[in-house]
Amino acid sequence: MKVLVIGGSRNIGYFSALRLLDSGATVTFLLRKPQIFDNDENIQKYVKDGKARLVTGDALIKDDVSRAWAEASSGDDGKSIDLLIFTLGARSATFHITKGFLISPANLVTQAILNVFETVPPSHPNIIAISPTGVTTTARKALPWLIRGFVGYFIPQPYRDKRGAEQIYARVAGFSWDTKDNVGPDILAENWTTRVPAEGQYKNIVIIRAALLTNGPSRAEKHPEKQAYRVQDDDVSNAYTVSRKDVAHFLVEKVVKHWDEWAGRRVSIAY
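Residues numbered from 1 in each chain as written. Predicted model: local features only at pLDDT ≥ 70, side-chain atom pairs only at ≥ 80, totals over all residues. Heavy atoms only, no water.

*Asks:* It is not clear to me how the pairing of strand 1 (residues 2-6) should be interpreted in this structure. Could you clarify?
*Replies:* The two faces of the sheet receive side chains in turn, since in a regular strand these alternate between them. For strand 1, the tally of buried residues reaches five of five residues, placing the bulk of the element in the interior. Because side chains alternate across strand 1, one face comprises the buried residues Lys2, Leu4 and Ile6, and the other comprises Val3 and Val5, equally buried. Relative to strand 2 (residues 26-31), strand 1 runs parallel, the two sharing five bridges. When the bridges of strand 2 are listed, isoleucine 6 appears paired with leucine 30. Where the polypeptide runs from strand 1 across helix 1 (residues 11-22) and back to strand 2, its parallel neighbour, the crossover connection is right-handed. (Buried < 20%, exposed > 50% of the residue type's maximum accessible area, 1.4 Å probe, protein only. Helix = DSSP H or I, 4+ residues; strand = E, 2+ residues; numbered from the N terminus. Pairing = 2+ DSSP bridges. Right-handed = clockwise from strand over helix to strand, strands pointing away.)

*Asks:* Explanation requested: empty space enclosed by the protein in the structure shown.
*Replies:* If a probe as big as a water molecule is rolled over the atoms, it shows which places are left empty. Summed over all chains, the structure comprises one cavity of 30 Å³ or more. What lines the largest cavity is simply Thr133, Gly134, Ala139, Leu143, Arg209, Asp235, Val236 and Ser268. Among the residues forming the lining of the largest cavity, the class breakdown is three nonpolar, three polar and two charged. (1 Å grid on protein atoms, 1.4 Å probe; cavity = no way out; pocket = protein on both sides within 12 Å on 5 of 7 lines; lining within 4 Å. Points joined across faces, edges and corners; volume = space filled by probe spheres on them. Nonpolar A, V, L, I, M, F, W, Y, C, P; charged D, E, K, R; others polar.)

*Asks:* When you look at helix 3 (residues 62-73) in this model, what are you seeing that I'm missing?
*Replies:* Think of an α-helix as 3.6 residues a turn; residues three or four steps apart then line up on the same face. Helix length check: helix 3, at twelve residues, gives a terminal C-alpha distance of 17 Å against a target of 16 Å (1.5 Å per residue), a fit within 8%. Those residues of helix 3 that fall on the buried side of the exposure criterion are Asp64, Val65, Ala68, Trp69 and Ala72. On an axial view of helix 3, the arc spanned by its buried residues comes to 145 degrees, and they lie on one face. Structurally, helix 3 contributes buried residues whose contacts are with strand 1, strand 2, strand 3 (52-56), strand 4 (83-86) and helix 4 (108-119). The first or second residue beyond helix 3 is glycine 75, which carries a positive phi of 140 degrees. (Expected span 1.5 Å × (residues − 1). Arc of directions from axis to C-beta. Contact = heavy atoms within 4.5 Å.)

*Asks:* Help me understand a nonpolar patch on the surface, please; the structure alone is not making it clear to me.
*Replies:* A grouping of Phe95, Ile97, Phe101 and Tyr153 is seen on the molecular surface, where their side chains present a nonpolar patch of about 380 Å² in accessible area. Of note, tyrosine 153 is situated in helix 6 (residues 145-154). Classification of tyrosine 153 by relative accessible area gives partly exposed; the value is 34%. (Patch = residues over 30% accessible without salt bridge, like charges linked within 9 Å, V, L, I, M, F, W, Y side chains within 5 Å. Areas by Shrake-Rupley, 256 points an atom, 1.4 Å probe, with all protein chains shown as cover. Salt bridge = Lys/Arg side-chain N within 4 Å of Asp/Glu carboxyl O.)

*Asks:* Could you clarify how one ought to interpret the layout of surface pockets in this entry?
*Replies:* As a volume, the largest pocket reaches approximately 1,200 Å³. As for the largest pocket, its lining consists of 45 residues, and the residues nearest its centre are Arg10, Asn11, Leu88, Gly89 and Ala90. Broken down by secondary-structure element, the contributors of at least two residues to the lining of the largest pocket are helix 1, strand 2, helix 4, strand 7 (126-132), helix 6, helix 7 (156-173) and strand 9 (212-214). In terms of residues, the lining of the largest pocket owes the most to one element, helix 7, which gives four residues. Here the lining of the largest pocket is built from residues that sort into 26 nonpolar, eleven polar and eight charged. If you add up the space inside the second largest pocket, you get close to 180 Å³. Along its surface, the second largest pocket is lined by Gln167, Ala170, Arg171, Gly174, Phe175, Trp177, Thr179, Asn182, Trp192, Thr193 and Glu199. Looking at the lining of the second largest pocket residue by residue, the classes come out as four nonpolar, five polar and two charged.

*Asks:* Just checking my understanding: could you explain the nonpolar core for this structure?
*Replies:* Of all hydrophobic cores here, the largest spans 42 residues; its most connected members are Leu20, Val27, Phe29, Ile208 and Leu251. Ignoring anything within four residues of it in the chain, the contact list for isoleucine 208 reads Ile128, Ala129, Ile130, Ser131, Val247, Phe250, Leu251, Val255, Val267 and Ile269. Core analysis: the second largest hydrophobic core is formed by 39 residues, Ile81, Phe86, Ala165 and Ala173 among them. (Core = buried A, V, L, I, M, F, W, Y, C linked by side-chain atoms within 4.5 Å.)

*Asks:* Is there a simple way to explain the pattern of salt bridges in this structure?
*Replies:* In a structure, side chains of opposite charge can pair up when their charged atoms sit close to one another. Overall, the coordinates contain 13 salt bridges when judged by the stated rule. Residue arginine 160 is joined to aspartate 186 by a salt bridge in which the shortest nitrogen-to-oxygen separation is 2.8 Å. Of this pair, arginine 160 sits in helix 7 while aspartate 186 is found in the loop between helix 7 and strand 8 (205-210), placing the two residues 26 residues apart along the sequence. Notably, a salt bridge pairs arginine 266 with aspartate 234, separated by 2.9 Å at the nearest N-O pair. Taken together, the residues arginine 266 in strand 12 (residues 266-270) and aspartate 234 in the loop between strand 10 (230-233) and strand 11 (241-243) connect sequence positions 32 residues apart. Several salt bridges share partner residues, and in doing so they unite Arg19, Glu221, Glu253 and Lys257 into one network.

Rendered as structure tokens:
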């Protein structure tokens, strides 16, 4: 299996990539700073045997994304790329007393996923993208009031960016979408629909909406005999938290390994 990971320097993308490398996949990382892995023994052992490929580039630059696709597809086996894992998130944020945490650019994730779809190979590889719970108006109502308040005050701008990405996913995959959730031209330019596949034409995609993320251990690994987390289509109620390692567990052990069961779905995960 050939995999491209955008957003794999840490967290869900990183943990998912390690699982796939351990299972024998070839994983290409698009990284602004590939030196982040210089002292990472887990990654370096795969770099040395050619199973982990590090491409220097920025997902906000279309040519860099195109180059990452090409590198991920390369090899003498004649096979194209199988999967993209898109877990890109805010690089850094500043806090404003009335606006909460602000990221720059404000459309980081939205612009990156536009570049992804604008350069996607003709083979249309499978795509798994991470999004937060509560990103749309309907989804926000399913959040516990405490989490709803946190999102509304601390991270409204990053959530608009994530909502812009979800607007793109909804169009290309044919998911339901309420136009009242449309973002403005500061997030999505007016001509954005010309940069993505036709409406409803990209069915081999899975959107995973994760609850508030923690750095805790994987419950699924610790207690494999138990149901470690809840997953359901669209919105899951009382979605407080879930660990990044358990999202990675679900992404690889459930979605990747049982693709036909999950393809074309938008699901939420929480404890």
